[in-house]
Amino acid sequence: MSKPSRWVCALMLLLSMPVVWADDAPASAASTAAAPAATEAPAAAAAAPAGPTEPVLVGADKISAGDTAWMLTSTALVLMMTIPGLALFYAGMVRKKNILATLMQSFACTCIVTILWWVIGYSWAFTPGNGFIGGSTRWLMNGMAFVHGDTENKLTVSHLALTIPETVYAMFQMTFAIITPALITGAFAERMKFSALLIFMSVWSLVVYAPIAHMVWEPTGWLNLKGVLDYAGGTVVHINAGIAALASCLVIGKRTGYGKEAMPPHNLSLTFIGASLLWVGWFGFNAGSAVAADGRAGMAMLATQMATAAAALGWMFAEWISKGKPSVLGIASGAVAGLVAITPASGFVGPTAAVIIGLVAGVICYVAATSLKHALGYDDSLDAFGVHGIGGIVGALLTGVFASKEISGSEGSVVTQLWGVGTTVVYGFILSYVILLVIDKTIGLRVSEEREREGLDISLHGESLE
Amino acid sequence: MKLITAIIKPFKLDDVRKAISDVGVQGVTVTEVRGFGRQRGHTEIYRGAEYMVEFIPKTKIEVAVIDALVDPVIDAIAKSAQTGKVGDGKIFVSDLAHVVRIRTGERDEGAI
């Protein structure tokens, strides 16, 4: 067998793995799923005594207008985080010749993950299956319904969100699935082939994101059963994207001229606008993760604001003290680090704990992005690992420290949180590394040096900014 | 006839324009330029990565003048562009062989 075709076979094998797991699943999962679901959330049990363990058809009178209104809003806010928020945040930090290519990466990611979420992503993540991956019952969103009736309308709801239509829940979760691979693009900015990027995102979204989301959030997921707390995706989104980012910059290598030529950000005002849009959009991300317009959503929103401000100040003062000037890029990066760190904790902690989490994350991420990166020598171009990976880990562990039973009904444990962090780091790193390596050995990850020097805008997209 | 070329701090442009108008200059060409002199560059820091910016932005003005105006214009520029700090710029004076006003075809002093 020739070398390239061997790699293609390996890729296909990899892609088929989750299907195999999914097919094995139902028998063992069905028996284990019922027990935890019954004891899990008292609130959910009260709302629906039967405690459905899979998406069910209900009458329209079971839907809460308030919850649905907030979740429609949150969904739009989270989509805004990726386009244009993250796209601008990253685009401002690259050199002028790569701005359009960087914007393009987030936009294309939005489109491609949307389609994949419809094909199978949603089903693998949020329907019951085994401990690692969900089933395939919602393939092509099959069975997700709204039925107009003569006397009463009927619609499906997810077992994870009983008061809003399943369509809204699937859309809300889709926006999370979109932003996660888009975050990784910060690691390999300014040098990745667009074709390789599309393949990487597609495969990663299905074999890394969907299983991790399932393990952590779906009631049959093993990390969920273990009691790992992740309110809005600190583990599923940020550690997951961060560790994939680290794998990316190790496999793809440094930018041509890194360390020898100056690569200053071209337009930090774009970065500033992007960071601000991320901050506002994050209220949908965190307060939306209550999946309800209720008191816990309010507490999550408050915690988000406090942690973000504290982290922005933490980064700013750390930089001011050690480098002599408080920079715009610094305060904006600190805000994002705070948003990342409070993501798993929001909904479990109060405002005081949020301030502490933010401050710690701001300072630690500052060190990670400025010193750790240079000490270890990898080129994580826009600090996707330094901010999302490190910030996510800090947030996940501190959630274990500060989780308040009064707010959430759950006890936190650092040891339990470590299971979530460890699983995601190991699974995410290995899978990401292998996917990238396979792409590199087949079609190649990087553009040629000549194209890289010319800039990706012209060489990949035939356009340029003047 | 002389061509007076001055490199000045960008924020001094309005002051210089007013000063040379006052001594009778009718036209000037302005260009945004970069360069270094004794001021050297400055350091920029982005997430811990330090970049030496060696060429800093300046404004170049070019004025063509008749001989009688050379000294008044030089004085006007030197006075209006001065802050007393390093980086105020320089004035270069060179001979000007010919001048043509394109609209009318006038030449030399009549064209200035």
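Quick notes on the rules
Residues numbered from 1 in each chain as written. Chains lettered and ligands numbered in written order. Predicted model: local features only at pLDDT ≥ 70, side-chain atom pairs only at ≥ 80, totals over all residues. Axes fitted to C-alpha atoms, helices over the stretch in contact; angles between N-to-C directions. Helix = DSSP H or I, 4+ residues; strand = E, 2+ residues; numbered from the N terminus. Left-handed = near helix turned anticlockwise from the far one by under 90°. Contact = placed C-beta atoms within 7 Å. Nonpolar A, V, L, I, M, F, W, Y, C, P; charged D, E, K, R; others polar. Buried ≥ 20, exposed ≤ 12 C-beta atoms within 10 Å, placed from the backbone. Arc of directions from axis to C-beta. pLDDT = per-residue confidence, 0-100.

Caption draft 1: Molecular detail of the packing of helix α6 (residues 194-217) of chain A against helix α8 (residues 234-252) of chain A. All names here are of chain A. The geometry of α6 relative to α8 is characterised by a closest axis approach of 10 Å and an angle of 140° between their N-to-C directions. In this structure, the crossing between α6 and α8 has a hand that is right-handed. Contacts from W204, V208, Y209, I212, A213, V216 and W217 in α6 reach T235, V236, N240 and A244 in α8. Its residues placed into classes, the contact of α6 with α8 shows nine nonpolar, two polar and no charged.

Caption draft 2: Region of interest: the interface of chain B and chain A. Listed by partner, the interface residues are six residues for chain B and 13 residues for chain A. Per-element accounting of the side of chain B that touches chain A gives the leading share, three residues, to strand β3 (residues 42-46) of chain B. Split by residue class, the side of chain B that touches chain A holds three nonpolar, one polar and two charged.

Caption draft 3: Structural view of the environment of A:T271. All names here are of chain A. Tracing the sequence through the fold places T271 in helix α9 (residues 268-286). Measuring from C-alpha to C-alpha, the distance between T271 and L88 comes to 5.7 Å, with 183 residues separating the pair along the chain. Residues within four places of T271 in sequence aside, it is in contact with F89, G92, M93, P265, L329 and A332.

Caption draft 4: Expanded view of helix α2 (residues 70-80) of chain B. Residue and element names in this part refer to chain B. Those residues of α2 that fall on the buried side of the exposure criterion are V73, A76 and I77. All buried residues of α2 project into a common sector of 95° when viewed along the axis, lining one side. Considering only its buried residues, α2 is in contact with β1 (2-8), α1 (13-22), β5 (56-65) and β6 (89-95).

Caption draft 5: A look at the confidence of the model for chain B. Residue and element names in this part refer to chain B. In the predicted model, chain B carries a mean pLDDT of 93, and the fraction of residues at 70 or more is 100%. When the elements of chain B are averaged for pLDDT, strand β4 (residues 49-53) gives the smallest value, 83, and β1 the largest, 97. Of the two predicted TM-score estimates for the complex, the pTM is 0.84 and the ipTM is 0.70.

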